[in-house]
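# Coordinate inspection notes
Here is how the chains run, residue by residue.
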Amino acid sequence: MSDRNAFKIFILEDEPALGIVLEDMLSDLGHEAVQTVGNLPAAQRALEHRNFDCALIDVNLGGEQSFAFARKLIDQSVPFAFVTGYSASAVVGFKGVPILQKPYTQEQVATTIAQLMQVRPRQ
Amino acid sequence: MAKKFPEFTTLGPRHTWLVFLSLLAIASVGVVILLAKIGHDTQLSITARMDKIAAVAQLLSSVKDAETGERGYLVTRKPEYLEPYNSALKRLPGQYRNTRALFVSEPERLGKVDYMISLSERKIRGLGVALRIAREKGFDAAANATLDGTGRRTMDLLRISTTELIIAERNDQATELRHLGVWQTAFYAVAVFLILVTSGLLIAALLQSLQTVEAVRKDAEGKSLLLQEVLEYSPDLIFVKDREGRYSHANKATLSVMNRTSAIGLRDSDLYPEAVAKAISNNDAQAFHAPAAITYEESLIPAGSKLRRYYLTTKVAIRDKAGAIVGLLGISKDISERREAEEKQQLMINELNHRVKNTLAVLHSVALQSFKGVDAAKMASFEGRLQSMSAAHDILTRHSWSGARLRDIAQASLSPFCGSDLSRCSIAGPDVELTPSAALAIAMVFHELSTNAAKYGSLSVEDGRVLVEWNLSGNPPQLDIKWQELGGPAPVKPSRIGFGTKLIQRSFGYDPNASVSIDYAPGGLTCTISLSKFAPEKDRDVGS
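Remember, it's a predicted structure, so these values are computed and weren't measured experimentally. (Residues numbered from 1 in each chain as written. Chains lettered and ligands numbered in written order. Predicted model: local features only at pLDDT ≥ 70, side-chain atom pairs only at ≥ 80, totals over all residues. Heavy atoms only, no water.)

## A word on the packing of aromatic side chains
Considering all chains together, one arrives at 10 aromatic pairs over all chains under this definition. Both rings, one in Phe 67 of chain A and one in Phe 82 of chain A, keep their centres 5.7 Å apart while their planes meet at 85 degrees; by these two values the pair is edge-to-face. Residue Phe 67 of chain A is found in helix H3 (residues 67-75), and its partner Phe 82 of chain A is found in strand E6 (residues 80-84); the two are separated by 15 residues along the sequence. Residues Phe 67 of chain A and Phe 82 of chain A agree in their burial class; the two are buried. Members of the aromatic cluster, connected to one another through ring pairs, are Phe 67, Phe 80, Phe 82 and Phe 94 of chain A. Looking at Lys 52 of chain B, its charged tip hangs above the ring of Phe 103 of chain B, at a distance of 5.3 Å from the centre. Between the NZ or CZ atom of Arg 243 of chain B and the centre of the ring of Phe 288 of chain B, over which it lies, the distance is 5.8 Å. (Phe/Tyr/Trp six-rings, centres within 6.5 Å; stacked < 30°, edge-to-face > 60°. Helix = DSSP H or I, 4+ residues; strand = E, 2+ residues; numbered from the N terminus. Buried < 20%, exposed > 50% of the residue type's maximum accessible area, 1.4 Å probe, protein only. Lys NZ or Arg CZ within 6 Å of the ring centre and 35° of its normal.)

## Details of the packing of helix H3 (residues 107-137) of chain B against helix H5 (residues 150-233) of chain B
All names here are of chain B. At a closest axis distance of 9 Å, the pairing of H3 and H5 adopts a crossing angle of 155 degrees. Considering the angle they form, H3 stands roughly antiparallel to H5. For the crossing formed where H3 meets H5, the hand is left-handed. When H3 is examined against H5, the residues Arg 109, Lys 112, Val 113, Tyr 115, Met 116, Leu 119, Ser 120, Arg 122 and Lys 123 are found in contact with a partner set consisting of Gly 151, Arg 152, Thr 154, Met 155, Leu 157, Leu 158, Ser 161, Thr 162, Leu 165, Ala 168, Glu 169 and Asp 172. In terms of residue class, the contact of H3 with H5 is built from nine nonpolar, five polar and seven charged. (Axes fitted to C-alpha atoms, helices over the stretch in contact; angles between N-to-C directions. Parallel < 35°, antiparallel > 145°, perpendicular 65-115°, else oblique. Left-handed = near helix turned anticlockwise from the far one by under 90°. Contact = heavy atoms within 4.5 Å. Nonpolar A, V, L, I, M, F, W, Y, C, P; charged D, E, K, R; others polar.)

## A closer look at the interface of chain B and chain A
In many analyses, interface size is given as the accessible surface area lost on bringing the parts together. Each side of the interface is counted separately: chain B has 10 residues, and chain A has 12 residues. Summed over both partners, the interface of chain B with chain A buries about 940 Å², with 59% contributed by carbon and sulfur atoms. There are one salt bridge connecting chain B and chain A. Arg 506 of chain B is paired through a salt bridge with Glu 23 of chain A; the nearest N and O atoms lie 2.5 Å apart. Inspection of the chain B/chain A interface yields two residue pairs in polar contact (both at pLDDT 80 or more). Split by residue class, the side of chain B that touches chain A holds four nonpolar, two polar and four charged. (Buried area = accessible area lost by both parts, 1.4 Å probe. Salt bridge = Lys/Arg side-chain N within 4 Å of Asp/Glu carboxyl O. Polar contact = N/O pair within 3.5 Å; in protein donor to acceptor, adjacent residues only side chain to side chain.)

## A word on the sheet that holds E6 of chain A
Residues and elements named next belong to chain A. Spatial ordering of the open sheet is given by E2-E1-E3-E6-E7, a layout of five strands whose pairing is parallel. Strands with a single pairing partner mark the edges of an open sheet, and in this sheet they are strand E2 (32-37) and strand E7 (99-101). Each strand axis lies, on average, 20 degrees off the axis of its neighbour in the sheet, ignoring direction. Direction of pairing for E6 relative to E7: parallel, over a ladder of three bridges. Along E7, the bridge assignment pairs Thr 84 with Gln 101. The sheet contacts of helix H2 (residues 40-48) involve strand E1 (8-12) and E2, and relative to E1 the element is tilted by about 160 degrees. Seen against the sheet, H3 touches E1, strand E3 (54-58) and E6 and runs at an angle of roughly 160 degrees to E6. (Pairing = 2+ DSSP bridges.)

Spelled out as structure tokens, the structure:
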């Protein structure tokens, strides 16, 4: 990718409408949503063929929490943010990991990605 | 509560005494046996000395008999007077052997016996010589030979040595008798001592065992007291009823519910309103005949209170050693607070579900207002989706969000498009219970397929129909759903994947084994869906 500030982004989200809209927002921002999955086994496989710069992961996947997967992302130094409808206090033990609160605006998504990749947010 | 529970104490110093007395008793038994043996030996020896004296005296007597016979013959010259001589001669060899044998253990005395025997033999020889002279040279010659005094001297020597031997034996006998007296006295003394020691031992052992029994009794008493306290002060209601339902035991918690100081002999019907007592006694009757404990939920309004309390009561029949039922043990836990909390939680969940519905309605109004006059078609599409979601929520809320039936979801999703009597679609499949996630996803997919059919597919023409079928197979079960459009125009595969198609394809992203395929066949669009995560876990609590 020619643009230094355009990133490949992985999405873990089990709500299809939210995943589709998030992809659209990222696309509008000039990023590329390389893959969206809705369950943890699929997320694990995606991590094995890592082809993304950062990840946006939902906390609650049909009753299962994604914290174990989040630890693997940390182990592999993948920048990521939690996307959740829960309040920030529900996410414990992940100091420094940004949280994108649902419902979110495109601007909030831009800020989160910039924070993850430590660049200025794109408009 | 400063109750003192006695402890078992060991009896150290007394043990040492017991060991000492036991050793003494064993030693005494040894001494008694030894003394008895010595006494017995001495007695045997004394008896043996009588035999010895008799043997020696008889030996002398035989020699005298021989002499008497010889003299009688020589004087009377009649052969029958020789009889004592002949019989003595026959007796003597046996008497020699017998006497020697008696003295064989005493070499010094045996020497004297041998001397006696040699004197006796000499005397007998002398007598024999006199008789031969009488036969060969006549009786007068024999009388002269006898009168030379040799025979008399031998006889005197024999008499003296016999007397000496008898006196010696008598002396020994006397000594032994004296000793025997001493041994016997000692025997009796030690025996008495042994009896005393044994008695002491028995008494000590008895005392000790009495003390042990006492200690064990106190220990048991303490434990039973502790158990009683535990039962008595347990926050749970613990009670026992007899076969006729009369209370034979009720702890403090039970009595406080009854608002009484004692319940012994009372029945539930004496304590509670008829309906409550009847419910309790029905449970009792069942528990009485059950092979194991049964737990019931019971409720009552305690005496002197206005609030109903709920109890989880475990009841089990009490049997005697022979296995006959003698009563019923009950333990009731007050679960009123827990029940209240659960009810509150359920209320909150219900409230939350209604708020979700409310939020959807608010969202609808806000959208209507915000996009007024912008694009009527898009607005209708939005409203349709929102309504489909809302309908699925309704079904789930009716079942407290524990799940929903696939048939209900299909009917709710299709009814806006197939007519309220669903005359334009056919829905067929076994009863399938769905998780809330599966129910919402399937509702969403059916809605998208229906709107598409209404716009471009079989529902866009008068005679078009939709078939929805599903079946279950395998273990763990797989759910296969088929959407089939019939009688509509041939579908056209869209050049660009729209939001609706994306929704259909991704709705089951939560299920790692899900597959969705859309086929734009000329006869009508078909969509097949396979799911593995759709059934609620049976033992999962509502709202967890």
